[in-house]
Amino acid sequence: MFRFETEVDKERRHLLSRRLREDNTTGSPEIRALREGPAGHEVPLEVWAMDAHGQLAAGLTGRTWAHWLHVDMLWVDVRYRGSGLGSRLLAEAERVARTDRSCTRSRLETWDFQAPDFYRKRGYEVTGRVENYPPGVTEFTLTKQLG
């Protein structure tokens, strides 16, 4: 007999993550080999652009893992959009990932009303799309070969 619970439980989430990681490592020789080397450690990557007053003008957050850069968020203040600042942030994140962390690819997700064309112009290719996520919106997954 099982009892199902739906409350948030940080301790159980960590246990679940650890057990899934162990199963994945056991089940995949590729994942096992990856986790034995430096590329098997996820490392945050952040790039910030501050204006002349020290205020946040733009930022990019992501992480590197398995020779991939994963861009989580890229935002540019409306006053600086169209100035090339977003391109410079992305290029710097890609440079750090490629040069300092040996990444060979980059990936990200964006919605149809956000920036799929921005990323396509910078060499990203659509590799997936989910219609109606959320309802009325399309989510795109894009990837790029670095270097």
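Residues numbered from 1 in each chain as written. Predicted model: local features only at pLDDT ≥ 70, side-chain atom pairs only at ≥ 80, totals over all residues. Heavy atoms only, no water.

Undergrad: Describe in detail the sheet that holds strand β6 (residues 139–145), supporting the description with residues and values.
TA: Strand order in the open sheet formed by six strands is β1-β2-β3-β4-β6-β5, and the pairing between neighbours is mixed. Each end of this open sheet is capped by a strand with a single partner; those strands are β1 (43–50) and β5 (125–130). Direction aside, the axes of adjacent strands within the sheet are offset by 20° on average. When strand β3 (residues 68–76) meets strand β4 (residues 105–111), the two strands line up parallel, connected through four bridges. Across the sheet, residue V71 finds its bridge partner in β4, namely L108. Along the sheet, helix α3 (residues 85–101) contacts β1, β2 (56–65), β3 and β6; its crossing angle with β1, the most-contacted strand, is approximately 145°. (Pairing = 2+ DSSP bridges. Helix = DSSP H or I, 4+ residues; strand = E, 2+ residues; numbered from the N terminus. Axes fitted to C-alpha atoms, helices over the stretch in contact; angles between N-to-C directions. Contact = heavy atoms within 4.5 Å.)

Undergrad: Give me the lowdown on the nonpolar core, citing residues and values where you can.
TA: If you look at the biggest cluster of nonpolar residues, it comprises 23 residues, and the most contacted ones within it are L45 and Y119. Take this core: its biggest share by element is six residues, from α3. Ignoring any residue separated from it by four or fewer positions in sequence, one finds Y119 in contact with L74, L90, L108, T110, Y124 and L142. (Core = buried A, V, L, I, M, F, W, Y, C linked by side-chain atoms within 4.5 Å. Buried < 20%, exposed > 50% of the residue type's maximum accessible area, 1.4 Å probe, protein only.)

Undergrad: If you had to explain a nonpolar patch on the surface to someone new, which residues and values would you point to?
TA: A cluster of nonpolar side chains, namely W48, M50, L56 and W75, defines an oily patch on the protein surface of about 420 Å² accessible area. Note that L56 resides in strand β2. (Patch = residues over 30% accessible without salt bridge, like charges linked within 9 Å, V, L, I, M, F, W, Y side chains within 5 Å. Areas by Shrake-Rupley, 256 points an atom, 1.4 Å probe, with all protein chains shown as cover. Salt bridge = Lys/Arg side-chain N within 4 Å of Asp/Glu carboxyl O.)

Undergrad: Got a sec to walk through the side chain of T61? Specific residues and values, please.
TA: Examined against the element boundaries, T61 turns out to sit in strand β2. Those residues in contact with T61 that sit more than four places away from it in its chain are L45, E46, W48, V71, D72 and M73.

Undergrad: Before we move on, can you summarise the pairing of β6 with the specific residues and values?
TA: Among the seven residues of β6, six are classified as buried, and the element is accordingly described as predominantly covered. Note: β4 against β6, seven bridges, orientation antiparallel. By the bridge assignment, L108 is partnered in β6 with L142. Note that β5 and β6 share five bridges and pair antiparallel. Paired with E125 across the strands is T143, a residue of β6.

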